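# Structure at a glance
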Amino acid sequence: MPETPTLHPETQTHLAAFQRGAVDLIDEVELSTLISAALHAGRPLRVKFGMDPSSPDLHLGHAIPLMTLRDLQALGHCIVLIVGDATAMVGDPSGRNKLRPVLTREQVEANLVTYTDQAARVLDMSKTEVRRNSEWFDGMGFEDLLQLTTRMTVSQMLERDLFRRRMEQSEPIGINEFLYPLMQGWDSVEVDCDVELGGTDQLFNLLVGRRLQEQKGQRAQCVRTHTLIDGLDGRKMSKSYGNAVGLMDSARDMTFGVMRLDDTLMGIWFAHLTRVPAEEVARLLAGHPREAKARLAFEVTAFFHSAEDAEAAAGAFDREVRDKALPEDLPEHSWAGDWGQSLALPNLIAKLGLAPSTSEARRLIKQGAVRLDGEVASDPTSSLAEPDSAVLLQVGKKRFARILPR
RNA sequence: GGGGGAAUACUCAAGCGGCCAACGAGGCCAGACUGUAAAUCUGGCGGCCACGCCUUCGCAGGUUCGAAUCCUGCUUCCCCCA
């Protein structure tokens, strides 16, 4: 980013908060003017951020913009969180090549609660303005809707690469999906937005806001996009890929999760999810990757939990994974009455939930993944007799159970 | 309104009427190796009272000794023309 030496230092500080981690910043000059004007007038900027009410489980990918919003909040700006309850009934086409399922109002409300609970781990919700866009869309009549649609043409819509791609691949595009960018843009008009934040996949939608505001005679909002963070394995982070670390995860899960991160992604994670100074990050990355990652895991975990919890989790990781010791809180199961004198090993494993089916359990046994008191049990036809003392059953590296006598 | 296509396991995607629990890829699981990963190598991925049995290829029927493969109807989607 080119420094602009003529800026007032305070303006510079505020601008830096927007710049940090930004991919697109439209337009930087506009924004710095806006900032200094706001500072001068002693008014906060209205920074809009739309939540996606269709996926209530937040993960670290979602934390990236929230961290920025947090910084802005600390600088005194006003965060306007838009709950797209009206848009949710349209279905956001972003990032999906398929039509999205449409949500009901009830689902949206339920998701909103979960969402804000989670966002509160990063943001000060008491200082956050939460608006539902049904506030203005519910009252809109058919004529107003038509008016809205006249503001853009089909070819303008098709500029969006996602739509174009879907056209080319003969995949369906619902007419309602064209409404989505318009609605999102209209939100900006309604809340008199100064700056809108969104993922890089949102750029098109964000720019529609500029267009609509100008058409309505408002000052066009500035737009700032952030990286969509990759998941642990480099693919887009998503719960459905199982490569995500959730914001509500326990300190332990968070630490263990981050430690699974691909080495090459550590730099990005440091930059976006921690506020460790850049020089220090560089130093860490130059050192042993394991140390760097341990630090990353600590920073992230400590932020969402506490330094103590993070340390404890790090300790557990070292013991259990590095030193291959047993976890401290092994699930314990007593020998059940209806298991008889002895039970076939595959069935036992399935009953304890260590494998989804006896068939799967058999495979695991054949592959040498199962240990009884540390001894590999590789015969799927073997069975375990009711024990007189605790027996340790291990399936793979992560699944354990202690079987106790009745 | 007319015409032409498509529906297969988590995803993508093969599949001559028998040799199909169904090629392949991704993904996932396990083992080895490691710095926790990644990469690499190996094996596996419907279920069960398990050398056998049962249920799968959009849904419902039918033809056949035998169907994911043929026929009929239905449902959903896509494309083209109007």
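Above this note sits the structure.
Residues numbered from 1 in each chain as written. Chains lettered and ligands numbered in written order. Predicted model: local features only at pLDDT ≥ 70, side-chain atom pairs only at ≥ 80, totals over all residues. Heavy atoms only, no water.

The strand order across the open sheet built from six strands is S1-S6-S5-S2-S3-S4, with neighbouring strands paired in mixed fashion. Looking at strand neighbours, the two that pair on one side only are strand S1 (22–26) and strand S4 (128–132), the edges of this open sheet. For this sheet the average axis-to-axis angle between neighbouring strands, irrespective of direction, equals 25 degrees. Both strand S2 (residues 46–51) and strand S3 (residues 78–83) contribute to a ladder of six bridges, which runs parallel. Across the sheet, phenylalanine 49 pairs through a bridge with leucine 81, a residue of S3. Packing of helix H9 (residues 175–191) onto the sheet brings it into contact with S2, S3, S4 and strand S5 (195–199), and relative to S2 it is tilted by some 145 degrees. (Pairing = 2+ DSSP bridges. Helix = DSSP H or I, 4+ residues; strand = E, 2+ residues; numbered from the N terminus. Axes fitted to C-alpha atoms, helices over the stretch in contact; angles between N-to-C directions. Contact = heavy atoms within 4.5 Å.)

Now for the packing of aromatic side chains. Throughout the structure, instances matching the rule amount to four aromatic pairs. Measuring from ring centre to ring centre gives 5.2 Å for phenylalanine 256 and phenylalanine 317, while their planes differ by 85 degrees; the resulting arrangement is edge-to-face. Note that phenylalanine 256 is positioned in helix H11 (residues 251–259) and phenylalanine 317 in helix H15 (residues 307–322), a separation of 61 residues in sequence. Both residues of the pair, phenylalanine 256 and phenylalanine 317, belong to the buried class. Seen from their ring centres, tryptophan 335 and tryptophan 339 are 5.2 Å apart, and the 80 degrees between their planes marks the pair as edge-to-face. Of the two residues, tryptophan 335 and tryptophan 339, neither departs from the other in class, the shared state being buried. Taking NZ or CZ as reference, arginine 160 lies 5.7 Å from the ring centre of phenylalanine 163, over its face. (Phe/Tyr/Trp six-rings, centres within 6.5 Å; stacked < 30°, edge-to-face > 60°. Buried < 20%, exposed > 50% of the residue type's maximum accessible area, 1.4 Å probe, protein only. Lys NZ or Arg CZ within 6 Å of the ring centre and 35° of its normal.)

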